[in-house]
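Residue-level structural notes
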Amino acid sequence: MSTEVIKRENKLKKLAGKLGPLLALVVLMILLALSTGGRFLAVNNISNVLRQAPIVALMASGMLMVILTGGIDLSAGSLLAVSISFMGVMLKTFGITNPVLLIGGCLLTGTLFGLVNGLMLTQLHLPHPFISTLGMKNIARGLALLITGAAAIAGFPAPVLFIGVFDIKLGKFSIPFSFILVIVLFFLIFIFLTRTALGRKIYSFGGNREAARLAGINVNGIQLFVYTAAGFMFALAGLVYAGRLNSAVPLASLEGDLDAIAACIIGGASFNGGKGSIWGTLIGAMMITVIRNGCNLLGLSSDLQQIIIGAIIVVAVTIDVVRSSLQARAKRLAVAQ
Amino acid sequence: MGEIIFELKNITKYFPGVIALDDMSFQIRAGEVHGLIGENGAGKSTLIKVLTGVHKPDKGKILMDGSEVTFQGPVNALQKGVGCVYQELNIVPQLNVIDNLFIGHYIQQKKSPLLNYSEMKHKTREIMESLGADVDPMRECSTLGIGVQQTIEIAKTILHKSKLIIMDEPTSSLSEKEVKQLMATIRLLKEQNIAIIFVSHKLEEIFEICDVVTVMRDGKHVSTTPVVEMTKDKLIADMVGRSLENLFPKKSFDRGEEYLRVEGLTSIGKFKDIHFTAYGGEVLGFSGLVGAGRTELFRAIFGMDPIDKGTVYVRGKDAQIKNPANAIDHRIAFLTEDRKGEGLILDDTILNNVTLATIDKDVKGFLLDSEKRKEKANRNVKELKIKTPGLDTNAGTLSGGNQQKVVIGKWLNTDANIYIFDEPTRGIDVGAKIEVYNIMNSLTEAGKCVIMVSSELPEILGMSDRVIVMREGRITGEVDRKSMKFNSESIMKAAWGGTI
């Protein structure tokens, strides 16, 4: 076999590897379409799915950057809650109604809490982000409940809610603005991660932190960046959340962190860092949303939903493991021919 | 010599893009120490993995005492009498000697789920003593030296009554004293009629301990010769497939400007009051025993570890290096001794590895300049003769020598003036070693400054223009290539605490 052919085949296999999760998503959707008698594919249900997906997707995009460095952020859901709670307090206690200030306050809160997550690693030298963000998970959630008096705050001006509620109508079909935002942001993150120096450094850090440090890369800077950026994305997800519920709920997104982690893992990210893609993460987030939605359509209880999502995580990673070992074997056999 | 107990017949093993073992055959006799030698990538590791059941051969068979065997994996191989002591030891440092020795094969008390520690303790002592190691079975392994830990690994194979023990570069991380002890242990094993495959890059050791030596090249069997009939030159010629005039193609050039000057550098507990100057156009060798503080010194100079006292001057100016990024700005490059741990991102491509240190320079606007990066990487592959199917190949799949060239490529791309090479040829084959030496020659020819830390005395003598010797964190001697005292005796004396 000529090297050209091998190269082309490798490219095809890589593409197949990338398309694997997408194929799984499509199969899942077909199964749901069949088992719900077509209700799953009804125009308004598809709009529903697109409306539900952005919160998980936005959180997962922040989580992905953290996971790419070999880290984890258990405080994602709590940061979402504290960001919108702070925005609620700005409105209720301080009477601020300027939507720019409210949105800015929300995003800044998430960003700053994310920065603190990073600082705990780089300045306090905590041994693993599991610990620092576990602490932050509790602190941020407690603060959210404390400042709001554990009650939801409603009455935000329309522009604040816009991200979460605005739909673009195309005849019968309506596309939520938040989903378009996700697509645009994910494209930007894709460019950022694969085509910029900082993006590549994030992968390098996850691949081998010591080698990155020795090559002159500011490893503390990378860590601060990913946790801060993640905090921003969690707050942004919070804006969608607040828009959809028309209020700031301090108990919002109790399991958001785990859904975000699951989306990354289903999408092929490695817990060891250095491996994962933003498009895979989008598919992971869609998968979780579609399963939730399908289970609701089928009238399955939330207990069952949880079991199914748990099983999907395990199956997705198992498939990935089996696939790569089969690929390695196929390559060996191809050479033997 | 004993019976043939083990035989490989026409073993062939394919990997993606390469034939790792090509019709490989050889025989091992009881009580024989059988040296196995070859360049990196010659197929030694694959052969070991076939012998321990990690890989199944695609063709050929393994015979044991005349009948064919197949191994399902390392544990199965061990049960059938083939033990292996890997280069990286599998010792759990927090556990004691008994636990490490019996791990996975504990002895239980009769009719009880409880473990029989008194018997295990007794056996541990017995086996360790039979290997010439007198060690308290209750000692925690983290408190033991590497040599004793390795003896525990050998003891594991004895515990399973191995007839064949494979030792993969067993001396690579041992001190000289520990090497001597290992040699004594190997002789004890020989007396017990156990066969040993001894894989090493160090020719002296092959000549010292082996009865027979098999040379491999490109996955093929080249020669099997009794050591008494073998010469060093022939061994090297067999390995590289051509005869080598000289292992060290040293070229000397005129000394250039002062590049690096270190004054009174101290890091408490690591090194103390270090003074030296390094110039362009020369290779400054740093010799000494393992643990003399050489690596620590250069890690500190490169900004990886803090300095307690003293000053580093680069081209006459106080450099104030706080981290590796500062060092790179001062055009210093540091080739680490730990290629896999600190030098490479094994799961990333050659392209990304060789451009890692210059990533901030290869940008166009906000985005990376992929044309420029590829051009650089292609130049590295061509100039350094990196053997790879393409730039997209992961660094981890390359052989040791090619991996080292990738790391060197990364530093050449920074266009540094000062190159610190820490054990630059550790674990790479003779052919790649010579290529690394040639790179050092072309750097000094271009007026760059090369500092080479090496524990291999022949390499120090072969390639340095000047040698500084360290002992217990201090400089104990300096000798110039032109001096009468530029020989191994003087350097060893300084390394052991004397004066040159």
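Treat the numbers as computed from the prediction; the structure is a model and nothing was measured.

A word on the overall build of chain A
Broken down by element type, chain A carries 13 helices and four strands. Each principal axis of the C-alpha distribution contributes one length, and for chain A these read about 75 × 55 × 35 Å. The buried share among the 337 residues of chain A stands at 45%. Of the contacts formed within chain A by residues at least 6 apart in sequence, a portion of 76% connects residues at least 24 apart.

Remarks on the overall build of chain B
Scanning chain B for helices and strands turns up 17 helices and 22 strands. Dimensions along the principal axes, computed over C-alpha positions, put chain B at roughly 75 × 50 × 45 Å. Every one of the 500 residues in chain B was classed for burial, and the buried ones make up 47%. Across chain B, contacts joining residues at least 24 apart in sequence account for 69% of those joining residues at least 6 apart.

Some remarks on helix α9 (residues 294-301) of chain B
Residues and elements named next belong to chain B. Within α9, seven of the eight residues are buried, which leaves it mostly tucked inside the rest of the structure. Arg294, Thr295, Leu297, Phe298, Arg299, Ala300 and Ile301 are the residues of α9 that are buried. Just downstream of α9, Gly303 is the residue with a positive phi angle, here 85 degrees.

Some thoughts on the sheet that holds strand β13 (residues 283-288) of chain B
All names here are of chain B. Strand order in the open sheet made by the six strands is β16-β19-β20-β13-β21-β22, with mixed pairing throughout. Pairing within the sheet leaves two strands with one partner each, and these edge strands are β16 (332-335) and β22 (474-480). If you compare each strand with its neighbour and ignore which way they point, the axes differ by 20 degrees on average. Here β13 runs beside strand β21 (residues 466-471); their pairing, made up of five bridges, is parallel. From the neighbouring strand, Gly288 faces β21, where its bridge partner is Met470. Relative to strand β20 (residues 449-453), helix α15 (residues 430-445) is tilted by about 145 degrees, and along the sheet it contacts β13, β19 (418-422) and β20.

Regarding the nonpolar core
Met59, Met63 and Leu80 of chain A together with Tyr419 and Ile420 of chain B are the most contacted members of the largest nonpolar core, which totals 160 residues. Take this core: its biggest share by element is 17 residues, from helix α10 (residues 219-245) of chain A. Sequence-distant contacts of Met59 of chain A, that is, excluding residues within four places in its chain, are made with Ala76, Leu80, Met233, Phe234, Ala237, Gly256 and Ala260 of chain A. Leu47, Ala77, Val82 and Ala195 of chain B belong to the second-largest nonpolar core, a separate cluster that totals 64 residues.

Regarding unusual backbone geometry
Most peptide bonds take the trans form, and the phi angle of most residues other than glycine is negative. Of note in the backbone geometry, Ala150 of chain A takes a positive phi value of approximately 60 degrees without being a glycine. Note that Ala150 of chain A resides in the loop between α5 (129-148) and β1 (153-154). Even without glycine at this site, Lys161 of chain B takes up a positive phi of about 55 degrees.

What about the interface of chain A and chain B?
Listed as interface residues are 23 residues of chain A and, on the opposing side, 30 residues of chain B. The leading source of residues in the side of chain A that touches chain B is helix α8 (residues 197-207) of chain A, at five residues. Residues belonging to the side of chain A that touches chain B are distributed by class as follows: six nonpolar, eight polar and nine charged.

Quick word on the sheet that holds strand β12 (residues 271-279) of chain B
Residues and elements named next belong to chain B. Sheet architecture is open: four strands sit in the order β12-β11-β14-β15, paired in antiparallel fashion. Only two strands of the sheet have a single partner each, and these edge strands are β12 and β15 (317-318). Sheet topology note: the strand β11 (residues 258-267)/strand β14 (residues 309-314) ladder contains five bridges and is antiparallel. Bridge pairing in β14 places Val262 opposite Val312.

Section: α10 of chain A
Taking 1.5 Å of rise per residue, the 27 residues of α10 of chain A would be expected to cover 39 Å, and the 39 Å separating its terminal C-alpha atoms lies within 8% of that figure. Along α10 of chain A, 22 of the 27 residues are buried, which leaves the element largely enclosed by surrounding structure.

As for the confidence of the model for chain B
Counting all residues, the mean pLDDT for chain B is 90, and 98% of those residues have values of 70 or more. For this predicted complex, the interface score ipTM comes out at 0.83, while the overall pTM is 0.78.

Regarding the domain arrangement of chain B
Residues and elements named next belong to chain B. As assigned here, chain B comprises domain 1 (4-240) and domain 2 (258-495). Here the C-alpha centroids of domain 1 and domain 2 sit 33 Å apart. If you look at the interface, domain 1 gives nine residues, while domain 2 gives 12 residues. For the side of domain 1 that touches domain 2, a count of residues per class yields three nonpolar, five polar and one charged.

Concerning the pairing of strand β8 (residues 195-199) of chain B
Within a regular strand, side chains alternate between the sheet's two faces. Residue and element names in this part refer to chain B. Taken across its five residues, β8 has five buried, putting it largely inside the fold. Across the two faces of β8 the burial is the same, with Ala195, Ile197 and Val199 and Ile196 and Phe198 all buried. Two elements, strand β3 (residues 33-37) and β8, share four bridges in a ladder whose sense is parallel. Paired with Leu36 across the bridge in β8 is Val199. After leaving strand β7 (residues 164-168), the chain enters helix α6 (residues 176-191) and then returns to the sheet as β8, a path that is right-handed.

Things to note about the packing of helix α2 (residues 43-68) of chain A against helix α12 (residues 278-297) of chain A
Residues and elements named next belong to chain A. Their axes nearest at 8 Å, the elements α2 and α12 cross at an angle of 140 degrees. Overall, the two elements α2 and α12 adopt an arrangement that is oblique. For the crossing formed where α2 meets α12, the hand is right-handed. Contact with α2, carried on its side by Asn48, Val49, Gln52, Ala53, Val56, Ala57, Ala60, Ser61 and Leu64, involves Ile278, Thr281, Leu282, Gly284, Ala285, Met286, Ile288, Thr289, Val290, Arg292 and Asn293 of α12 and no other residues of that element. Its residues assigned to classes, the contact of α2 with α12 shows 12 nonpolar, seven polar and one charged.

Here we look at the environment of Gly462 of chain B
Residues and elements named next belong to chain B. Within the secondary structure, Gly462 sits in helix α16 (residues 457-463). Taking the C-alpha atoms as reference, Gly462 lies 8.1 Å from Leu247; in sequence the two are 215 residues apart. Residues contacting Gly462, with those up to four places away along its chain left out, are Leu247, Phe248 and Lys250.

Some words on the environment of Lys405 of chain B
Structurally, the position occupied by Lys405 of chain B is in helix α14 (residues 400-412). Not counting residues up to four positions away in its chain, the partners in contact with Lys405 of chain B are Leu384 and Ile386 of chain B.

A closer look at the pairing of β21 of chain B
Residue and element names in this part refer to chain B. For β21, a buried count of five out of six residues is recorded, marking the element as mostly surrounded by other parts of the structure. Bridge count for β21 against β22 is six bridges, and the pairing is antiparallel. Opposite Arg471, over in β22, you have Arg474 as the bridge partner. Counting the residues between successive antiparallel strands, the hairpin from β21 to β22 contains two residues, one of them, Glu472, with a positive phi of roughly 45 degrees.

Parameters and conventions
Sequence order sets the numbering: in each chain, residues are counted from 1 along the sequence as written. Starting at A for chains and at 1 for ligands, labels are handed out in the order in which the entities are written. Local features in a predicted model are, by the rule used here, given only for residues with pLDDT of at least 70; side-chain atom pairs are given and counted only at 80 or more, and totals for whole chains, interfaces and linings are based on all residues. Secondary structure elements follow DSSP: runs of H or I no shorter than four residues count as helices, runs of E no shorter than two count as strands, and numbering proceeds from the N terminus. Here exposure depends only on C-beta density: within 10 Å of a residue's C-beta, 20 or more other C-beta atoms make it buried, 12 or fewer make it exposed, and intermediate numbers make it partly exposed, the C-beta atoms being placed from the backbone. Any residue pair is listed as a contact if its two C-beta atoms, each placed from the backbone, are within 7 Å. At least two DSSP bridges between two strands are required for those strands to pair. To obtain an axis, a line is fitted to C-alpha atoms, over the contacting stretch when the element is a helix, and the angle between two such axes runs from 0 to 180 degrees between their N-to-C directions. To count as a nonpolar core, a set of buried Ala, Val, Leu, Ile, Met, Phe, Trp, Tyr and Cys residues must be joined through C-beta atoms within 7 Å. Under the grouping applied here, Gly and all other residues not named as nonpolar or charged are polar, the nonpolar ones being Ala, Val, Leu, Ile, Met, Phe, Trp, Tyr, Cys and Pro and the charged ones Asp, Glu, Lys and Arg. By this rule the span expected of a helix is its residue count minus one, scaled by 1.5 Å. Confidence scores per residue from the predictor, reported as pLDDT, run from 0 to 100. Domain borders in the structure are assigned automatically or taken from a domain database. Here the term right-handed applies to a crossover when the path leading from its first strand over the helix to its second strand runs clockwise, the strands being oriented away from the viewer. For classification, angles of less than 35 degrees are called roughly parallel, those exceeding 145 degrees roughly antiparallel, those between 65 and 115 degrees roughly perpendicular, and all remaining angles oblique. Left-handed describes a crossing whose near helix is turned anticlockwise from the far helix by less than a right angle; the clockwise case is right-handed.

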